[in-house]
Amino acid sequence: MKNSNIVVIGFMGSGKTTLGKRLASKIKYKFVDMDKYIEKKEKMSVAEIFEAKGEDYFRRLETEVSEEMSKKEKYVIATGGGVVNNPENMKFLCENSTILYLKSTPEHIYRNIGKDKKRPLLQVNNKMEVIRTLMKERTPVYEKYAQVTINVSTGAVKYIISRIIRGLEGKI
Ligand code: S3P
């Protein structure tokens, strides 16, 4: 049987939300962004949650929401970049889903979110260094879960979407 959801994983700023939304509308799936979902639930932004309650609290919410997501059907689910670090999250998210990994480069990430103020983990002076280090740590984890990997560091959005749809062929 074909899997019901598409779970989009990848580094912060790789385009999980933007591309996930476009993909959903193209293949007529619904769309949900886990970070936005958490923000609605908590009535606070992710940055505010990190600031007021700490990262561990945010990570617990992420696990709760991963479980809720596993009950959805025909959804494209955009995750936060750190979701793969907890195997429990991935156990929930892998149920009934195809895992789509958007692969990027540190330079591309920096171009996308170098000036962003919303990502608490990147509010540092040595941004490029932090991006490189985190990406090095996380790449093997993204790769471990990926069922379809699409390079998103080059090309216009519409071509990336076509590549994604081709990559998902037979799975949606
Ligand atoms: C995080 C990524 C963020 C958000 C939080 C932590 C991470 O989501 O969940 O700031 O650990 O990589 P995006 O990947 O959408 O930026």
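Heads up: the structure comes first, above all this text.
First things first, this report covers the structure right here in the doc. Just so you know, these numbers come straight off a predicted model, no measurement behind them.

**Examining helix H1 (residues 16–27)**
- The terminal C-alpha atoms of H1 lie 16 Å apart, and with 12 residues this matches the ideal 16 Å at 1.5 Å per residue to within 8%.
- Those residues of H1 that sit buried are Lys16, Leu19, Gly20, Leu23, Ala24 and Ile27. One side of H1 carries all its buried residues, which in axial view fall inside an arc of 135°. In H1, those exposed residues whose orientation departs by more than 90 degrees from the buried face are Thr18, Ser25 and Lys26.

**What about the site of the ligand?**
- Around the ligand sit 13 residues in total, of which Lys16, Asp35, Arg59, Arg119 and Arg138 are the nearest.
- Interatomic distance of 2.7 Å between a side-chain N/O atom of Arg59 and an oxygen atom of the ligand.
- One of the side-chain nitrogen or oxygen atoms of Arg119 is found 2.7 Å away from an oxygen atom of the ligand.
- Here the residues of the shell around the ligand sort into five nonpolar, three polar and five charged.

**Notes on the pattern of salt bridges**
- Applying the stated criterion to the full structure yields nine salt bridges.
- For Arg59, the salt bridge identified is with Glu62, shortest N-O distance 2.9 Å. Of the two residues, Arg59 and Glu62 are both situated in helix H4 (residues 55–69); the distance of three residues between them amounts to about one turn of the helix. By the burial criterion, Arg59 is buried, and Glu62 matches it.

What counts and what doesn't
Position numbers for residues start from 1 in each chain and track the written sequence from start to end. Local features in this predicted model are restricted to residues whose pLDDT is 70 or higher, and side-chain atom pairs enter the listing and the counts only when it is 80 or higher, whereas totals over whole chains, interfaces and linings include all residues. Calculated side-chain values reflect all of the structure's heavy atoms, with hydrogen atoms and water omitted. Helix and strand assignments come from DSSP, with helices taken as H or I runs of at least 4 residues and strands as E runs of at least 2, each series counted from the N terminus. Expected helix span is computed as 1.5 Å times (number of residues minus one). Each residue is placed in one exposure class: buried if its accessible area under a 1.4 Å probe, protein chains only, is under 20% of its type's maximum, exposed if it is over 50%, and partly exposed if it falls in between. Here, the arc refers to the directions that run from the helix axis to the C-beta atoms. Here, proximity means that at least one heavy atom of the residue falls within 4 Å of the molecule or strand. N or O atoms closer than or at 3.5 Å make up a polar contact, with two conditions inside protein: a donor-capable atom paired with an acceptor-capable one, and, for residues adjacent in sequence, both atoms drawn from side chains. Put simply, Ala, Val, Leu, Ile, Met, Phe, Trp, Tyr, Cys and Pro go in the nonpolar bin, Asp, Glu, Lys and Arg in the charged bin, and everything else, Gly too, in the polar bin. Just to be clear on terms, a salt bridge is a Lys or Arg side-chain nitrogen sitting within 4 Å of an Asp or Glu carboxyl oxygen.

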